[in-house]
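Secondary and tertiary structure notes
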Amino acid sequence: MIREYDSFRIAGSMNIDDLITEVSPDIAVCPECLSEMDSFARRKDYPLINCTCCGPRFSIMEALPYDRPMTSMKSFMMCPDCRREYDDIMDRRFHAQPAACNLCGPEYFYSDSSRDISGTGAVLKETAKQINSGNILAIKGTGGYHLMCDALNEAAVRRLRLRKQRDAKPFAVMFRDIESLKEYCRLSAEESEELISWRRPVMILDQIKPLAPSVSSGLNTTGAMLPYMPFHYLIFRLIDTPAVVLTSGNLSEEPVIKEDTAAAEKLGKISDGLVCYNREIVNRCDDSVVRVIDHKPTLIRRSRGYVPRPVDLRINAEGILALGAEQKSTFCMGRGNQAILSQYIGDIKNQATFDFLKESVDRFSGLFRFRPTALACDLHPDYLSTQYAKELSRETGLPLFTIQHHHAHVVSCMAENGLDEPVIGVSFDGTGYGSDGTVWGGEFLVADLKDFSRHTYLDPVALPGGDKAISEPWRTAFSYLFRYFGSSFDFMSVPSLCKAGERKLYMLLEMLEKNINCPVSSGAGRLFDAVSALLGLCTTETFDSEAPMRLESAIDGKTDDYYSFTAGKPVTFEETFRSLLDDIKTRTPSHISARFHNTLAMVILEVSLQIRRENSIKKVVLSGGCFQNRYLLERACNLLRKKNFVVYTNRRVPPNDGGISLGQLVAASKLRE
Ligand code: ZN
Ligand code: ZN
Ligand code: FE
């Protein structure tokens with residue numbers, strides 16, 4: 001399976017397909033290299049061992065053709081033995097661009113406030129000593145720095161949280177091997193296959209046994225991965241723990257750090273020591289995140305191991321540059337019938353992240369010899385990506401297509417499934433700019449690649465305080481109750497609202513009654529927020545999407561019950577909230593959460609049936625950040641299939657805003673035709 005991505009050189013001119021194939025994702029170290037690391041003198045314990053089948057690719061590439069002088073290996077001269085292997089067509093390092101050995105290749109170093117250590121043996125020994133004693137290290141990875149500490153040492157993990165100023169967002173964990181992983185996480189055949197693949201993503205798995213409590217802060221899942229760099233294997237030989245936290249080395253919201261100087265400066269404050277190697281990371285690339293949903297691996301964050309593999313299209317997208325949305329930003333370039341998606345960029349409201357976007361657009365343009373002939377962006381006038389697109393369009397005179405956010409979600413899913421016909425598009429997420437200028441996010445569209453109409457949507461609710469309501473779900477909960485039961489409702493009778501205090505509740509009531517700073521939103525995410533807050537699972541968020549994540553995490557056991565609702569235009573939830581409030585007095589949050597999720601799946605079915613009756617469309621496309629929720633997506637898929645719908649979901653690009661740029665690209669291609 002690795003052989004497929006062997007690097008091979010093509011003489012003379014290359015066509016687009018060859019060009020794109022040439023830029024391979026980074027590949028986890030292969031079994032042959034691992035066994036060579038055990039025995040072969042020149043590469044005994046060589047912490048950057050690789051061959052034609054494995055090793056860094058995208059992360060070290062400066063330009064094409066993929067040749068050593070065009071990579072950050074250019075400063076390392078091969079020793080005569082490595083050279084001989086590199087030139088020998090029968091050797092497994094024939095034209096392996098990053099090939100090197102203990103004599104000639106890049107090496108690792110350790111440093112902290114008092115010492116600098118070199119020599120692989122000594123560096124490994126010190127690294128292990130630090131981890132074993134509960135310290136935090138910054139370690140240079142494939143596409144950027146990581147922060148590492150013992151995942152079973154609560155004091156260490158808590159210190160990392162404190163220093164990284166990351167309140168409760170779960171940390172990814174690397175396990176020594178699959179056996180130790182299985183002790184802590186449930187693993188299905190599908191999950192196992194992706195987990196051990198050469199792509200080595202972080203997999204969202206169900207927990208069996210907890211690690212240190214601060215690792216996943218009360219959620220019932222663990223982001224788990226296996227070693228993929230030779231150095232990871234070497235370090236696990238020496239440390240006592242079977243699992244380490246391995247989280248992106250960055251300051252909150254900034255891109256993962258790839259430069260050694262920046263690492264020393266910025267991560268020096270978080271870590272107790274720094275482990276680096278002297279080969280430059282050219283292209284920054286985070287760990288990818290995958291969750292198996294409905295028996296298939298679904299990308300949540302698409303980066304290392306997946307980028308820059310193209311998505312094949314049934315439409316010519318040549319020359320289109322789509323700039324994505326704002327959070328979890330990516331961009332996308334069209335070359336012929338292929339879409340090349342960037343790595344995960346992040347939230348571009350952060351200036352450093354926005355710079356990373358622009359710098360990556362240039363890098364990809366160079367790598368793929370891309371010349372834009374048209375631009376695409378979101379409809380939201382305030383997104384920095386939109387402003388960037390407008391600026392580019394003004395400077396170059398290129399046509400600009402603005403694509404509505406939820407239409408782009410639906411098209412991203414249609415594109416990766418090869419659909420080009422009218423579909424029922426269900427797009428559930430937190431926020432997106434609607435065609436009418438209000439905030440959308442619980443949308444039922446009748447859509448094709450080019451256009452859409454809004455069939456119905458979830459009942460818009462006022463968000464008292466605007467963005468503040470998004471980070472404080474109790475406000476949204478209050479607002480739903482106000483909407484359905486009015487100002488005379490006894491808000492203090494709801495325990496989770498009562499906690500906010502009478503004064504705050506009164507203030508909110510006044511805001512709603514007088515409509516002060518209360519923008520409305522049909523976002524499905526808000527409904528999850530409200531229920532999570534009513535159940536007391538999350539009244540104030542400490543990280544993005546915490547409320548819906550905790551709500552999903554609360555489900556255990558099975559129930560097919562659901563709450564009543566009215567599937568009109570819009571879909572309203574008065575009966576839902578009335579029964580839910582009753583349930584709060586007698587049932588567990590786990591039961592109520594399941595019942596609420598079942599309700600939304602039922603809403604999806606009901607409205608899909610309505611649309612089918614009107615338009616005879618049988619294909620349903622489910623996209624948007626809410627469909628990272630495994631329970632909701634599986635439930636909706638099952639209900640729809642029972643009624644003979646054909647259901648399509650995102651797999652190869654994220655259902656969240658990380659997939660938006662693909663949707664924009666394809667919609668724009670169609671509009672251009
Ligand atoms: Zn190898
Ligand atoms: Zn060598
Ligand atoms: Fe979205």
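Just so you know, these numbers come straight off a predicted model, no measurement behind them.

Looking only at helices and strands, one finds 22 helices and 26 strands in the protein. Over its C-alpha atoms the protein spans a radius of gyration of 26 Å, differing by no more than 12% from the 26 Å that the globule rule assigns to 673 residues. When its C-alpha atoms are laid out on the principal axes, the protein stretches across 85 × 60 × 45 Å. For the protein, buried positions account for 63% of its 673 residues. Taking contacts inside the protein between residues at least 6 apart in sequence as the whole, the part at least 24 apart equals 71%.

Moving on, we get to the side chain of R335. The topology assignment puts R335 in strand β14 (residues 332-335). Judged by relative accessible area, R335 falls into the buried class, the value being 11%. For R335, the side chain forms a polar contact with the main-chain oxygen of F368, separated by 2.7 Å.

This next bit is on the coordination of the iron ion (ligand 3). For the iron ion (ligand 3), the full set of protein donor atoms is H405 (NE2), H409 (NE2), D429 (OD) and D657 (OD), and the range of their distances to it is 2.1 to 2.3 Å. Each of the four donor atoms around the iron ion (ligand 3) contributes to a set of angles spanning 87 to 172°, which defines the coordination as irregular. Here the donor residues for the iron ion (ligand 3) map to a single chain with the spacing H-x3-H-x19-D-x227-D. On the criterion of sequence distance, the pair formed by H409 in helix α12 (residues 405-416) and D429 in strand β18 (residues 423-433) is long-range, its members being 20 residues apart. Here the two residues H409 and D429 agree in accessibility, since each one is buried.

The next subject is the domain arrangement of the protein. As assigned here, the protein comprises domain 1 (31-87), domain 2 (108-277), domain 3 (308-403) and domain 4 (461-649). With centres defined by C-alpha atoms, the gap from domain 1 to domain 4 works out at 52 Å.

Next up on the list: the packing of helix α20 (residues 589-615) against helix α21 (residues 630-642). Packing of α20 against α21 brings their axes to within 9 Å, and their N-to-C directions diverge by 40°. Overall, the two elements α20 and α21 adopt an arrangement that is oblique. The interaxial crossing formed by α20 with α21 has right-handed handedness. Contacts between α20 and α21 pair A594, H597, N598, L600, A601, M602, I604, L605 and S608 from the former with Y631, L632, R635, A636, L639 and L640 from the latter. Partitioned by chemical class, the residues of the contact of α20 with α21 number eleven nonpolar, three polar and one charged.

Our next topic: the coordination of the zinc ion (ligand 1). Six octahedral donors around a metal ideally make angles of 90 or 180 degrees; four tetrahedral donors ideally make 109.5 degrees. Every protein donor of the zinc ion (ligand 1) is accounted for by C30 (SG), C33 (SG), C51 (SG) and C54 (SG), and the metal-donor separations fall at 2.3 to 2.4 Å. One can describe the site at the zinc ion (ligand 1) as tetrahedral: its four donor atoms subtend angles covering 104 to 115° at the metal. Each donor residue of the zinc ion (ligand 1) lies on one chain, and together they are spaced C-x2-C-x17-C-x2-C. Side by side, C51 and C54 carry an identical accessibility label, which is buried.

With six of six residues buried, strand β4 (residues 145-150) lies mostly within the body of the structure. Pairing of strand β3 (residues 137-140) with β4 involves four bridges; the strand directions are antiparallel. For A138, the partnering residue across the bridge sits in β4 and is L147. Connecting the antiparallel pair β3 and β4 is a turn made up of four residues. Here β4 pairs with strand β8 (residues 243-248) via five bridges, running antiparallel. Residue pairing in the sheet places M148 in a bridge with L246 of β8.

Attention shifts here to the sheet that holds strand β9 (residues 273-277). Across the sheet, which stays open at both edges, the eleven strands sit in the order β2-β1-β9-β3-β4-β8-β5-β7-β6-β10-β11 with mixed pairing between neighbours. Where the open sheet ends on each side, the last strands, each with one partner, are β2 (116-118) and β11 (296-301). Taken pair by pair, the neighbouring strands of this sheet meet at an average axis angle of 30°, ignoring direction. Packed on one face of the sheet, helix α5 (residues 154-164) meets β4 and β8 and runs near 145° to β4.

Let us now look at helix α3 (residues 80-87). Along α3, the residues classified as buried are C82, E85 and Y86. Along α3, the residues classed as buried sweep out an arc of 100° about the axis, all on the same side. Pointing more than 90 degrees away from the buried face of α3 are the exposed residues P80 and R84.

Strand order in the open sheet made by the six strands is β12-β15-β14-β13-β16-β17, with mixed pairing throughout. Since the sheet does not close on itself, it has two edges, and those belong to β12 (311-312) and β17 (400-403), each with one partner. Alignment of strand β16 (residues 374-378) against β17, held across four bridges, turns out to be parallel. Note on β17: the bridge partner recorded for D378 is I403. Most of the contacts of helix α10 (residues 351-367) go to β14, to which it runs at about 15°, and overall it touches β13 (320-322), β14 and β15 (338-341).

This paragraph deals with the state of the cysteines. Across all of its chains, the model carries zero disulfides by this definition. For C377, which is in no disulfide, the shortest distance to another cysteine sulfur is to C332 and amounts to 14 Å. Between C626, a cysteine without a disulfide, and C637, which holds the nearest cysteine sulfur, the sulfur-to-sulfur distance is 14 Å. The exposure class assigned to C626 is buried, which follows from its relative accessible area of 11%.

As a further point, take the packing of aromatic side chains. When we look at a pair of aromatic rings, we describe it by the centre distance and by the angle of the planes. A full pass over the atoms with the stated rule returns 17 aromatic pairs. An angle of 15° between the planes, with centres 3.9 Å apart, marks the rings of F478 and F491 as stacked. Of the two residues, F478 sits in helix α14 (residues 473-485) while F491 sits in the loop between α14 and α15 (495-498), which places them 13 residues apart along the sequence. Taking relative accessible area as the criterion, F491 reaches 6% and is therefore assigned buried. One aromatic cluster is present, formed by F58, F331, F364 and F368 through successive ring pairs.

Definitions and cut-offs
Residues numbered from 1 in each chain as written. Chains lettered and ligands numbered in written order. Predicted model: local features only at pLDDT ≥ 70, side-chain atom pairs only at ≥ 80, totals over all residues. Heavy atoms only, no water. Helix = DSSP H or I, 4+ residues; strand = E, 2+ residues; numbered from the N terminus. Rg over C-alpha atoms; globule rule 2.2 N^0.38 Å. Buried < 20%, exposed > 50% of the residue type's maximum accessible area, 1.4 Å probe, protein only. Contact = heavy atoms within 4.5 Å. Polar contact = N/O pair within 3.5 Å; in protein donor to acceptor, adjacent residues only side chain to side chain. Donors = N, O, S within 2.8 Å, 3.2 Å for Na, K, Ca; no water. Tetrahedral: all angles 85-135°; square planar, octahedral: opposite > 155°, others 65-115°. Domains from an automatic or database assignment. Axes fitted to C-alpha atoms, helices over the stretch in contact; angles between N-to-C directions. Parallel < 35°, antiparallel > 145°, perpendicular 65-115°, else oblique. Left-handed = near helix turned anticlockwise from the far one by under 90°. Nonpolar A, V, L, I, M, F, W, Y, C, P; charged D, E, K, R; others polar. Pairing = 2+ DSSP bridges. Arc of directions from axis to C-beta. Disulfide = S-S within 2.5 Å. Phe/Tyr/Trp six-rings, centres within 6.5 Å; stacked < 30°, edge-to-face > 60°.

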